[in-house]
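# Working through the structure, step by step
These are the residues of each chain, in order.
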Amino acid sequence: EAGVVQSPRYKIIEKKQPVAFWCNPISGHNTLYWYLQNLGQGPELLIRYENEEAVDDSQLPKDRFSAERLKGVDSTLKIQPAELGDSAVYLCASSSTDSYNEQFFGPGTRLTVL
Amino acid sequence: SQQGEEDPQALSIQEGENATMNCSYKTSINNLQWYRQNSGRGLVHLILIRSNEREKHSGRLRVTLDTSKKSSSLLITASRAADTASYFCATAPVSGGYNKLIFGAGTRLAVHP
């Protein structure tokens, strides 16, 4: 079974530029999460989807961040414009109702904003 | 915001020794989970303990949960160099339903050959 796929793995951009991250969850997982992880810290939830509906986006900075999950499968997280403080690892995870909210994580995208 | 706090922040031991990491949290939970993260990788689920359970084992892992003290511990017995990683506790708060997890800052474990 393929795991959670994320791309790109690394991204370097200059501040004020836009950037997008893509995630393909495990097949059949209806819940998808985007997390931000700063160096030396644990993941912090940005947004959670149940199928195509965003059910928890309270921690998503909506002035510059946006996300979508069309057709309830793949998801894209976008930042526009990026700021220096956005440098971090962006993790995608998915879970199914059968797994008692055990989450399966992708390898993450390491973003560096110069 | 991060509900869980791991202690210690960093731990360095020799192969064969046991490693104990602790986690404290603030609000009532449905369950508590432990995850491992190797350098530059995503997190891997290790073990889940429900709020009505007090102890759980999985291979060399032993997890305890004390809901009265709002704390949990993860014990890795007979550690190996391959156990070197960061370990995170994650709580599923009652208020968040079953699909929300709040992660702590993690314990960085180094196991020396």
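Up top is the structure.
The shown structure was predicted, so the numbers you read here are calculated from the model rather than taken from an experiment.

## Quick word on the overall build of chain A
- Each helix and strand in chain A was counted, giving 0 helices and 11 strands.
- In sequence order, the secondary structure elements of chain A are arranged as β-β-β-β-β-β-β-β-β-β-β.
- Relative to the compact-globule value of 13 Å for 114 residues, chain A shows a C-alpha radius of gyration of 13 Å, a close match.
- Looking at chain A residue by residue over its 114 residues, the buried ones come to 48%.
- For chain A, the share of sequence-separated contacts (at least 6 apart) that also reach a separation of at least 24 residues comes to 53%.
- For chain A, the accessible area works out to roughly 5700 Å², and carbon and sulfur atoms hold 49% of it.
- Considering chain A, the positive charge centre built from 11 side chains and the negative charge centre built from 15 side chains are found 9 Å apart.

## A closer look at the state of the cysteines
Residues and elements named next belong to chain A.
- Counted under the stated rule, the structure contains 2 disulfides over all chains.
- There is a disulfide in this structure between C23 and C92, and the S-S distance comes to 1.9 Å. With the S-S dihedral at roughly -70°, the linkage between C23 and C92 falls on the left-handed side. Residue C23 is located in strand β3 (residues 19-24), and its partner C92 is located in strand β9 (residues 88-95); the two are separated by 69 residues in the primary sequence.

## Regarding the interface of chain A and chain B
- Each partner contributes to the interface: chain A provides 22 residues, whereas chain B provides 23 residues.
- Taken over both partners, the interface formed by chain A and chain B buries close to 1800 Å², and the fraction arising from carbon and sulfur atoms is 45%.
- In this structure, the connection of chain A to chain B is made through 1 salt bridge.
- A salt bridge links D56(A) to K100(B), with the shortest nitrogen-to-oxygen separation between them at 3.4 Å.

## Structural notes on the pattern of salt bridges
Residues and elements named next belong to chain B.
- Tallying each qualifying case throughout the model produces 8 salt bridges over all chains.
- Across the salt bridge formed by E55 and R62, the nearest N and O atoms sit 3.2 Å from each other.
- Judged by relative accessible area, E55 falls into the partly exposed class, the value being 40%.
- Look at R62 and you get partly exposed, because its relative accessible area is 31%.

## Examining the sheet that holds strand β8 (residues 75-79) of chain A
Residues and elements named next belong to chain A.
- A sheet is described by the order of its strands in space; here 4 strands give the open sequence β1-β3-β8-β7, paired in antiparallel fashion. Each having just a single partner strand, β1 (5-7) and β7 (65-68) make up the two edges of the open sheet. Between one strand axis and the next, the sheet turns through 15° on average, direction left out of account.
- Pairing analysis gives 5 bridges linking β3 to β8, with the strands arranged antiparallel. Bridge assignment links A20 to a residue of β8, and that residue is K78.

## Describing the side chain of R69(A)
Residue and element names in this part refer to chain A.
- Looking at the secondary structure, you find R69 in the loop between β7 and β8.
- Of the side chains bearing the opposite charge, E50 lies closest to the buried R69, which forms no salt bridge; the N-O distance is 6.7 Å.
- There is a polar contact of 2.9 Å between the side chain of R69 and the backbone oxygen of N51.
- In this structure the side chain of R69 is engaged in a polar contact, spanning 2.9 Å, whose partner is the backbone oxygen of G72.

## Some remarks on the pairing of strand β5 (residues 44-50) of chain A
Residue and element names in this part refer to chain A.
- With respect to burial, β5 is a largely interior element, 6 of its 7 residues being buried.
- Bridge count between strand β4 (residues 31-37) and β5: 6 bridges; the pairing is antiparallel. Following the sheet pairing, L36 is matched in β5 by E44.
- Relative to strand β6 (residues 53-56), β5 runs antiparallel, the two sharing 3 bridges. Bridging across to β6, E50 finds its partner in E53.
- Between β5 and the antiparallel strand that follows it, β6, lie 2 residues; N51 among them carries a positive phi value of about 55°.

Rules used throughout
- Residues numbered from 1 in each chain as written.
- Chains lettered and ligands numbered in written order.
- Predicted model: local features only at pLDDT ≥ 70, side-chain atom pairs only at ≥ 80, totals over all residues.
- Heavy atoms only, no water.
- Helix = DSSP H or I, 4+ residues; strand = E, 2+ residues; numbered from the N terminus.
- Rg over C-alpha atoms; globule rule 2.2 N^0.38 Å.
- Buried < 20%, exposed > 50% of the residue type's maximum accessible area, 1.4 Å probe, protein only.
- Contact = heavy atoms within 4.5 Å.
- Areas by Shrake-Rupley, 256 points an atom, 1.4 Å probe, with all protein chains shown as cover.
- Lys, Arg positive; Asp, Glu negative; His and termini not counted.
- Charge placed at Lys NZ, Arg CZ, Asp CG, Glu CD.
- Disulfide = S-S within 2.5 Å.
- Buried area = accessible area lost by both parts, 1.4 Å probe.
- Salt bridge = Lys/Arg side-chain N within 4 Å of Asp/Glu carboxyl O.
- Pairing = 2+ DSSP bridges.
- Axes fitted to C-alpha atoms, helices over the stretch in contact; angles between N-to-C directions.
- Polar contact = N/O pair within 3.5 Å; in protein donor to acceptor, adjacent residues only side chain to side chain.

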